[in-house]
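Breakdown of the fold
Spelled out, the chains give:
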Amino acid sequence: MAWAALSELVPYYPLYALLFLDTGLSGAQISLLFAVWSVTALLTEVPAGALADRWSRRGVLVLGGVLQAAGFVVWTAAPGFRAFLVGFVVWGVAGALWSGAAEALVYDGLAAVGAEESFARVNGAMTAAELLVQVPTAVAAALLYAAGGHELVGWVSVACCLAAAALALRFPEAPRAEDGEDLLDTLRAGVRAAVRTPGLRVVVLAVSLIGGLDAVEEYFPVLADDWGLEPTVVPLAVLAVSLVGALGAWLAGRAGRLPSPALLGSLVAGGGLLFLAGAWARPAALAAVALFYGLYLGVLVVAEARLQERIEGRHRATITSVAGLGVELAALAVFGAWALAGVTGVAVVVLVTVPMVAAGLRLPAREPVDDG
C-alpha cells in the first residue's frame, strides 16, 4: 500500500497539462504528446511483462520508478516540446513495466506464504491507496507551485519516483526455477497461454473489458462542469467520486466472497446508475456517478483476483500484461461511446460488458490454468 501510494504521490500529475500550456505548447502538440504516450504504453505492455517473468518482477518495478524519474528530470531541466516527448516515451515504458509485474509479484509473494486467498483484499487496498493519495498530491502540488513554480514541482516529483523505486527494493520476491527460456520464448509462451487456453482466455478478456471502463474517470470533471457546478467546486466533487471509488476497492476483499450473480448485479446496477445520472444531468447526479464508481471498482478488483487465481506457472506477469493491453484497447470503446452519446453511451458499454464478465466470473474460483 505504501508503494502504491508513493507511486501516485507525484506533484506533476495534477499540473503537467498546465506546464505544457505555460511552456507555450499548442493544443495539437499536447494531443500529439498524449498520443505518443499511449502508443508507447501499448507497444511495450506485453514485452515488459515478459521481462518481469524472465528477469525480476521486483527489478522491473524498481526500473520503472527510475525511468519515470529520468523522464521528469528531462522535463524539469529543459522544458520544451522535445523534452516532453522524450519524457512521455520514458514514462510510457515505465507504466508498462509496472502493469503486469505488480500484480504478479504480490500474488506470488502471498502464495509463497500460503495467503493467496488474500490477494483481492491486498489488491483492493492498493487500489484504494492510489485513489486516496490524490488528496495530499493535490495539496502538495498547489503548495509547491506557489513556493517554487514548475521547477520545484518537478524536482519533488523526481524525488517521489526515486523514493517509490527504493521502497520497491524491499519487496520480497518468491524464487523461480531456471527453465532455459530466453525473453522471446517467455513472451511467446505467455501470449500463447493467454489467447489459446480456453478458461484463461475468457478471464483475460473479461478483465480487459471491465478494466477498460475505468477510462470514464477522465470525464468526471467534464460531467461536473456540464451539470452546473462552479469551477471552484469541480475538483472537490471529482475528489468525492474518487473517495467512493476507493471505498469500493477497499471492500473488494469482502466482495470476492459474494456469489457471481451478486457481483454481476453490482455491475448492472452501476450501469443503471450511469443511465440515471445522464438522464438527471444535475449536480446531484454526481452522487449516482460516485455510487457507480464504487460498485465498478469493487467488481474490477475481484475480476483481477480471479485472473490471478487461474494462472499457474512462470508466465504470470506476461499474461497479466496481455490483459493490461486489452484494458488499453477496451478504453478506446469508452472514448468512442463518450464521443457519440456522453455518459449514456458509456452506460451502454458497461452493460454490454456484462455477458463476458459473467462468463469469466462463473468459472470456478480456485481452478488454476497451467500456462505451460
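In the block above lies the structure referred to throughout.
Residues numbered from 1 in each chain as written. Predicted model: local features only at pLDDT ≥ 70, side-chain atom pairs only at ≥ 80, totals over all residues. Heavy atoms only, no water.

What about the overall build of the protein chain?
Within the protein chain, the secondary structure is distributed over 15 helices and 2 strands. Seen along its three principal axes, the alpha-carbon backbone of the protein chain occupies a region of about 50 × 45 × 35 Å. Within the protein chain, the proportion of its 372 residues that are buried is 50%. Sequence separation of 24 or more characterises 85% of the internal contacts of the protein chain that already satisfy a separation of 6 or more. Accessible area of the protein chain: about 15800 Å², with a carbon and sulfur share of 68%. For the protein chain, the distance from the average position of its 20 positive side-chain charges to the average position of its 29 negative side-chain charges is 7 Å. (Helix = DSSP H or I, 4+ residues; strand = E, 2+ residues; numbered from the N terminus. Buried < 20%, exposed > 50% of the residue type's maximum accessible area, 1.4 Å probe, protein only. Contact = heavy atoms within 4.5 Å. Areas by Shrake-Rupley, 256 points an atom, 1.4 Å probe, with all protein chains shown as cover. Lys, Arg positive; Asp, Glu negative; His and termini not counted. Charge placed at Lys NZ, Arg CZ, Asp CG, Glu CD.)

Focus on the packing of aromatic side chains
For the coordinates displayed, the defined rule picks out 30 aromatic pairs. Put simply, the rings of Tyr-12, Tyr-13, Tyr-16, Phe-20, Phe-34, Trp-37, Phe-72, Trp-75, Phe-84, Phe-88 and Trp-91 touch in pairs and so form one group of aromatic residues. (Phe/Tyr/Trp six-rings, centres within 6.5 Å; stacked < 30°, edge-to-face > 60°.)

Topic: unusual backbone geometry
A negative phi holds for most residues other than glycine; trans holds for most peptide bonds. The phi angle at Ala-281 is positive, at roughly 50°, despite the residue not being glycine. Take Ala-281: it is sitting in the loop between α13 (260-280) and α14 (286-310). The exposure class assigned to Ala-281 is partly exposed, which follows from its relative accessible area of 26%.

Quick word on the pattern of salt bridges
Taken as a whole and assessed by the stated rule, the structure comprises 5 salt bridges. One salt bridge in this structure joins Arg-316 and Asp-108, with 2.9 Å as the shortest N-O distance. Within this pair, whereas Arg-316 is found in helix α15 (residues 316-362), its partner Asp-108 is found in helix α5 (residues 81-112), the two being separated by 208 residues in sequence. Taking relative accessible area as the criterion, Asp-108 reaches 18% and is therefore assigned buried. (Salt bridge = Lys/Arg side-chain N within 4 Å of Asp/Glu carboxyl O.)

Quick look at a nonpolar patch on the surface
Residues Leu-132, Val-135, Val-139, Leu-143 and Leu-243 make up a contiguous nonpolar surface patch of roughly 410 Å² in combined accessible area. No other element matches the 3 residues that helix α7 (residues 134-168) contributes to the nonpolar patch. (Patch = residues over 30% accessible without salt bridge, like charges linked within 9 Å, V, L, I, M, F, W, Y side chains within 5 Å.)

Quick look at the side chain of Thr-127
Mapped onto the secondary structure, Thr-127 falls in helix α6 (residues 119-132). Apart from residues no more than four positions distant in its own chain, Thr-127 is found in contact with Ala-249 and Val-301.

Looking at the nonpolar core
Within the largest apolar cluster, 65 residues are counted, with the highest numbers of intra-cluster contacts made by Ile-210, Val-289 and Tyr-296. For this core, the leading source of residues is α15, giving 16 residues. Those residues in contact with Ile-210 that sit more than four places away from it in its chain are Leu-267, Tyr-296, Val-299, Leu-300, Ala-303 and Val-357. Counting 27 residues, the second largest nonpolar core, distinct from the first, contains Val-60, Leu-105, Met-126 and Ala-317. (Core = buried A, V, L, I, M, F, W, Y, C linked by side-chain atoms within 4.5 Å.)

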